[in-house]
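As a plain string of letters, each chain reads:
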Amino acid sequence: MFEQAQIQEFKEAFTIMDQNRDGVIDKNDLRDTYAALGRVNVGNDELDEMVKEAPGPINFTIFLTMFGEKLKGTDPEETILNAFKIFDPEGTGILKGDEIKLHLMSQADKFTEDEVNQMFQNFPLDVAGNLDYKNLCYVITHGEDKEQE
């Protein structure tokens, strides 16, 4: 299902999340992981929901299976690129941040302003206020920034 390099990256992520190093990610590990990322107000209900997504204790095998299921629903890169190209008839690979924000908040499954801001926080606009959607599509489908490879 995954390439060897991807499995190694998932193993590193699992090891980071398994805060108590017992080979299983539990609610306390998730709470500690969130705290390490600066989010200390995670509620028990939210953590319980995350743990309930797994069919059993979250060992590395279950962790990989869960990632596979989440990624299985991702559209192919070309499909996502074609969706963005509707807003970029010249094929430049970039979109004005303000324009894409307007479209996301006013069309189909409307994003909230918080959701758009979160997207821009996770994938910042360039200094000119543009979104590099080709790179974004790559990250969505491959999990890492092209520029970092």
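Structure: see above.
Computed from a predicted structure; not experimentally measured.

Conventions adopted
- Residues numbered from 1 in each chain as written.
- Predicted model: local features only at pLDDT ≥ 70, side-chain atom pairs only at ≥ 80, totals over all residues.
- Heavy atoms only, no water.
- Helix = DSSP H or I, 4+ residues; strand = E, 2+ residues; numbered from the N terminus.
- Buried < 20%, exposed > 50% of the residue type's maximum accessible area, 1.4 Å probe, protein only.
- Axes fitted to C-alpha atoms, helices over the stretch in contact; angles between N-to-C directions.
- Parallel < 35°, antiparallel > 145°, perpendicular 65-115°, else oblique.
- Left-handed = near helix turned anticlockwise from the far one by under 90°.
- Contact = heavy atoms within 4.5 Å.
- Nonpolar A, V, L, I, M, F, W, Y, C, P; charged D, E, K, R; others polar.
- Phe/Tyr/Trp six-rings, centres within 6.5 Å; stacked < 30°, edge-to-face > 60°.
- Lys NZ or Arg CZ within 6 Å of the ring centre and 35° of its normal.

Trainee: Looking at this structure, how should I read unusual backbone geometry?
Mentor: When glycine is set aside, most residues are seen to have a negative phi, and most peptide bonds are trans. With phi around 55 degrees, Arg21 is a residue other than glycine that occupies positive phi space. Relative to the elements of secondary structure, Arg21 occurs in the loop between helix H1 (4–17) and helix H2 (27–36). Its relative accessible area of 54% is what places Arg21 among the exposed residues.

Trainee: How should I be thinking about the packing of helix H6 (residues 97–106) against helix H7 (residues 113–122) in this particular structure?
Mentor: To characterise two packed helices, one gives the angle between the axes of the helices and the distance between these axes. Axis separation between H6 and H7 bottoms out at 10 Å; the angle between their running directions is 140 degrees. The orientation of H6 with respect to H7, classified from their angle, is oblique. The hand of the H6/H7 crossing is right-handed. Contact residues: H6 offers Gly97, Ile100, Lys101, Leu104 and Met105, while H7 offers Glu113, Val116, Asn117, Met119 and Phe120. In terms of residue class, the contact of H6 with H7 is built from six nonpolar, two polar and two charged.

Trainee: How do you make sense of the packing of aromatic side chains when you look at a structure like this?
Mentor: Aromatic rings in a pair are described by how distant their centres are and how their planes are angled relative to each other. Tallying each qualifying case throughout the model produces four aromatic pairs. For the ring pair Phe84 and Tyr133, a centre distance of 5.3 Å and an interplane angle of 15 degrees mean the geometry is stacked. With Phe84 in helix H5 (residues 77–85) and Tyr133 in helix H8 (residues 133–142), this residue pair connects regions lying 49 residues apart in the sequence. By the burial criterion, Phe84 is buried, and Tyr133 matches it. These aromatic residues form a ring-pair network of at least three members: Phe14, Phe60 and Phe63. One Lys or Arg, Lys11, reaches over the ring of Phe60 and ends 4.7 Å from the middle of that ring.

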